[in-house]
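Each chain, letter by letter, is given below.
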Amino acid sequence: RPRASASSRPKVARTCSSITPRFRAGGFVPCRKAPRSNSTWPRVPAAACSGVARAQAYRLQGLLERCGAEAGRVLSLLGAPETRRGMRAVAEARHYQGTAMLQGGRPAEAIEPLQSAERHYQTLGNSYGLALAHHHLGMAYRAVGAHGEALDHYLQALLGWRTLKNLPQTASTLNNLGNLYTSSGDLDRARATLEEGLAVAKTVQATRIQAYLLNSLADVHLLLGAPGEAAQHFDQSIGAAEGASELRIVLTSKIGAAMARLTMGQRSAAETVLREAQGLLALHDGALMRAEYAAAGALLALTGGDPAGGGELARTALETLGAQGSRETRLRCQFLAGWATWQQDGTADALLFALANELAQPGTERLLLLEARFALPFLQTAWPDSGLDSFFSRLRAAVTSFSPVGLVGAADPVVNGVPAVVRAFALGHSRVEIAGQAVREVQWATEKAKELFYLMLLSGGPLSKEQIVDTLWPDASPAKSDTLFWSTAYRMRRSLFQEVLVRDGSNYSLHPEVQ
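Residues numbered from 1 in each chain as written. Predicted model: local features only at pLDDT ≥ 70, side-chain atom pairs only at ≥ 80, totals over all residues. Heavy atoms only, no water.

**Considerations on the environment of Ala 424**
Then, in step 1: Relative to the helices and strands, Ala 424 is located in strand E5 (residues 421-425).
Then, in step 2: Sequence-wise, Ala 424 and Phe 453 are 29 residues apart; in three dimensions their C-alpha atoms are separated by 9.5 Å. (Helix = DSSP H or I, 4+ residues; strand = E, 2+ residues; numbered from the N terminus.)

Laid out in structure tokens, this is it:
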């Protein structure tokens, strides 16, 4: 038969096991030595490898107790492994164990397994795992109030990510570093750091990390007294988190969005968003999320005239957190519980004294700016010889410093929150003046706030929200226009005075004192 061409002949892969000795003239041709059987090598049980993968999946789904249990099962299977693969499995299991504790509101307990993971990664020379362990250790130390240790770990994590040129993780650590500055009261530095991280995350289209950064940036805007910007960032964070299936950040952003709408005076919208968060809460078993939800409900109750319900929710949140829970959420709940006690019987709760001692360092009181803005009558209460006067004085000063500045000062005659005389000039150089002992010209927060004011002034009568939106934002979608209207109305009120925009049913008009 004719021989087949080389190109048409079937190619058979020859392996070591297929090579056998062949007899030739002169003796046997020696074959290559077959590899040692795998049965004699130390191996990692398949159940341990699959357990590590399941622990990771449970953590991403917010099933933190299952994550911790699965990680513990892996560690019991492995014991003290001798191979690199086994050590890596132990490092990852300890890491997931620590992050489950951290997200579940037990940061103090999370430090030991995270440190163990850090040591294993260091032994293995695993630069990625080492940087990630530093990142999570920074989170744990920040949650327990050890800001110096947290800063050290975040800086080591940033150094690791930049050495690896890992932009997504660089953005993630910048997010946590910004949160650390927020906890320390350095809000301007926090905003700059978070904006830098958001720019990096957008460069690499890291949707999940963008969700975290947008949520953190919204928190800063809320503390700075800009709830309109905060609401927009929270809504963007929810969209990004839903796209990345990140349940925890969806839940956190919905709670934040409810607080932003409450700050803008949209109580019904805040209650609706918080109910949506309650539906998601059943899918997440972390104590921290339950405590944050209860704290938001407490603030809604206290601002709605229900001190008993608000106090009960705040104390429930404190019990949920326990002694090892998140420090920031615990401090906010202590303030809310103390405020509820004062509303009920006018006394100072013991929780307030503990709060004042823990926030004795100037600047740390800014953590309570959101709640303090609603509690000004409470903060103006005199507590002689109690140690609270100094703390409340710092908190009042923080509210004044980090709120958009209006022009109704202490020297202006005010009756029921309305200046005695407000004059608007629409011909020539447009301006608005508030007359008291001195005449001061209004500095507008935004140009749109000024446009809204003059639209209402020149309309000659009440306008509906739809008429205002069609005039100022004709191309905006219904959802977008609603947010734009409320944020602009809020800025106009802060530039002038709270009661400048009067609502009558579905219509809006300027206060009669505006001439």
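**A closer look at the pairing of strand E10 (residues 507-510)**
Then, in step 1: Burial along E10 is one-sided: the residues Tyr 508 and Leu 510 are buried and none of Asn 507 and Ser 509 is.
Then, in step 2: Taken together, the 2 bridges between strand E8 (residues 463-464) and E10 define a ladder with antiparallel strand orientation. Within E10, the residue paired with Ser 464 across the bridge is Asn 507.
Then, in step 3: Examined bridge by bridge, strand E9 (residues 501-504) and E10 share 4 bridges and lie antiparallel to one another. Considered in E10, the bridge of Asp 504 is made with Asn 507.
Then, in step 4: Connecting E9 to the antiparallel partner E10 that follows it, the hairpin turn spans 2 residues, and Gly 505 within it adopts a positive phi of roughly 70°. (Buried < 20%, exposed > 50% of the residue type's maximum accessible area, 1.4 Å probe, protein only. Pairing = 2+ DSSP bridges.)

**Observations concerning the packing of aromatic side chains**
Then, in step 1: Within the structure shown, the criterion is met by 7 aromatic pairs.
Then, in step 2: Here a set of aromatic residues connected by ring pairs shows up, and it is made of Phe 335, Trp 342, Phe 378, Phe 391 and Phe 392. (Phe/Tyr/Trp six-rings, centres within 6.5 Å; stacked < 30°, edge-to-face > 60°.)

**Topic: the sheet that holds E10**
Then, in step 1: Read from one edge to the other, the open sheet built from 3 strands follows the order E8-E10-E9, with strand pairing classed as antiparallel. Only two strands of the sheet have a single neighbouring strand rather than two, namely E8 and E9.
Then, in step 2: Packed on one face of the sheet, helix H20 (residues 447-458) meets E8, E9 and E10 and runs near 90° to E10. (Contact = heavy atoms within 4.5 Å. Axes fitted to C-alpha atoms, helices over the stretch in contact; angles between N-to-C directions.)

**Topic: the environment of Ala 131**
Then, in step 1: Turning to its location among the elements, Ala 131 is positioned in helix H5 (residues 127-143).
Then, in step 2: For the pair formed by Ala 131 and Thr 170, sequence separation is 39 residues and the distance between their alpha carbons is 10.0 Å.
Then, in step 3: Once you skip the residues sitting within four places of it in the chain, Ala 131 turns out to touch Ala 157, Gly 160 and Trp 161.

**Structural notes on the pattern of salt bridges**
Then, in step 1: Inspection of every chain in the model, using the stated rule, returns 11 salt bridges.
Then, in step 2: The salt bridge partner of Glu 271 is Arg 267, with a shortest N-O separation of 3.9 Å. Taken together, the residues Glu 271 and Arg 267, both in helix H12 (residues 267-281) and 4 residues apart, mark about one turn of the helix.
Then, in step 3: A relative accessible area of 26% means that Arg 267 is categorised as partly exposed. (Salt bridge = Lys/Arg side-chain N within 4 Å of Asp/Glu carboxyl O.)

**Quick notes on the nonpolar core**
The nonpolar side chains of soluble globular proteins are, as a tendency, buried together.
Then, in step 1: Among the nonpolar cores identified, the biggest contains 114 residues, and Met 259, Phe 453, Ile 468 and Met 492 are the most heavily contacted of them.
Then, in step 2: Sort the elements by how many residues they give to this core and helix H13 (residues 287-303) lands first, with 11 residues.
Then, in step 3: The contacts of Ile 468, once residues within four sequence positions are left out, are Leu 452, Leu 455, Met 456, Leu 463, Phe 485 and Tyr 508.
Then, in step 4: Formed by 7 residues, the second largest nonpolar core is a distinct cluster that contains Ala 211, Tyr 212, Ile 238 and Val 250. (Core = buried A, V, L, I, M, F, W, Y, C linked by side-chain atoms within 4.5 Å.)

**Looking at unusual backbone geometry**
Then, in step 1: Within the chain, Lys 165 stands out as a residue other than glycine whose phi angle is a positive 60°.
Then, in step 2: Along the chain, the position of Lys 165 falls in the loop between helix H6 (147-164) and helix H7 (167-183).
Then, in step 3: By relative accessible area, Lys 165 is classed as exposed at 73%.
Then, in step 4: Unlike most non-glycine residues, Ser 245 shows phi in positive territory, near 55°.
Then, in step 5: With respect to the secondary-structure elements, Ser 245 resides in the loop between helix H10 (227-243) and helix H11 (247-263).

**Re helix H9 (residues 207-223)**
Then, in step 1: Across its 17 residues, H9 extends 25 Å between first and last C-alpha, which sits within 8% of the 24 Å expected from 1.5 Å per residue.
Then, in step 2: Burial analysis of H9 places 14 of its 17 residues in the buried class, which makes it a mostly covered element.
Then, in step 3: Of the residues trailing H9, Gly 225 is marked for its positive phi of about 85°. (Expected span 1.5 Å × (residues − 1).)

**Thoughts on H20**
Then, in step 1: With 12 residues, H20 ought to run about 16 Å at 1.5 Å a step, and its terminal C-alpha atoms sit 17 Å apart, in line with that.
Then, in step 2: Following H20 by one or two positions, Gly 460 adopts a phi angle in the positive range, close to 80°.

**Remarks on the side chain of Thr 341**
Then, in step 1: Structurally, Thr 341 can be placed in helix H15 (residues 327-345).
Then, in step 2: Sequence-distant contacts of Thr 341, defined by excluding residues within four places in its chain, comprise Arg 315, Gly 346, Thr 347 and Asp 349.

**Some details on the side chain of Asn 175**
Then, in step 1: Secondary-structure assignment places Asn 175 in helix H7.
Then, in step 2: Looking at Asn 175, the relative accessible area reads 3%, which means it is buried.
Then, in step 3: If we ignore the near neighbours within four places in the chain, the residues touching Asn 175 are Leu 194, Tyr 212, Leu 213 and Ser 216.

**A closer look at the packing of helix H4 (residues 107-124) against H5**
Then, in step 1: Following both chains from N to C, one finds H4 and H5 inclined at 160°, their axes separated by 9 Å at the closest point. With respect to H5, the axis of H4 lies roughly antiparallel. When you trace H4 past H5, the crossing you get is left-handed. In this structure, H4 contributes Pro 107, Ile 111, Leu 114, Gln 115, Glu 118, Tyr 121 and Gln 122 to the contact, and H5 contributes Gly 129, Leu 130, Ala 133, His 134, His 136, Leu 137, Ala 140, Tyr 141 and Ala 143. (Parallel < 35°, antiparallel > 145°, perpendicular 65-115°, else oblique. Left-handed = near helix turned anticlockwise from the far one by under 90°.)

**A look at the packing of H7 against helix H8 (residues 187-203)**
Then, in step 1: Taken N-terminus to C-terminus, the directions of H7 and H8 make an angle of 165°; their axes are 8 Å apart at the nearest point. Comparing their axes, H8 and H7 come out roughly antiparallel. Here H7 runs over H8; the crossing is left-handed. Along the contact surface, H7 presents Leu 167, Ala 171, Leu 174, Asn 175, Leu 177, Gly 178, Tyr 181 and Thr 182, while H8 presents Leu 187, Arg 189, Ala 190, Thr 193, Leu 194, Glu 196, Gly 197, Val 200 and Ala 201.
Then, in step 2: Of the residues belonging to the contact of H7 with H8, the class tally is 10 nonpolar, 5 polar and 2 charged. (Nonpolar A, V, L, I, M, F, W, Y, C, P; charged D, E, K, R; others polar.)

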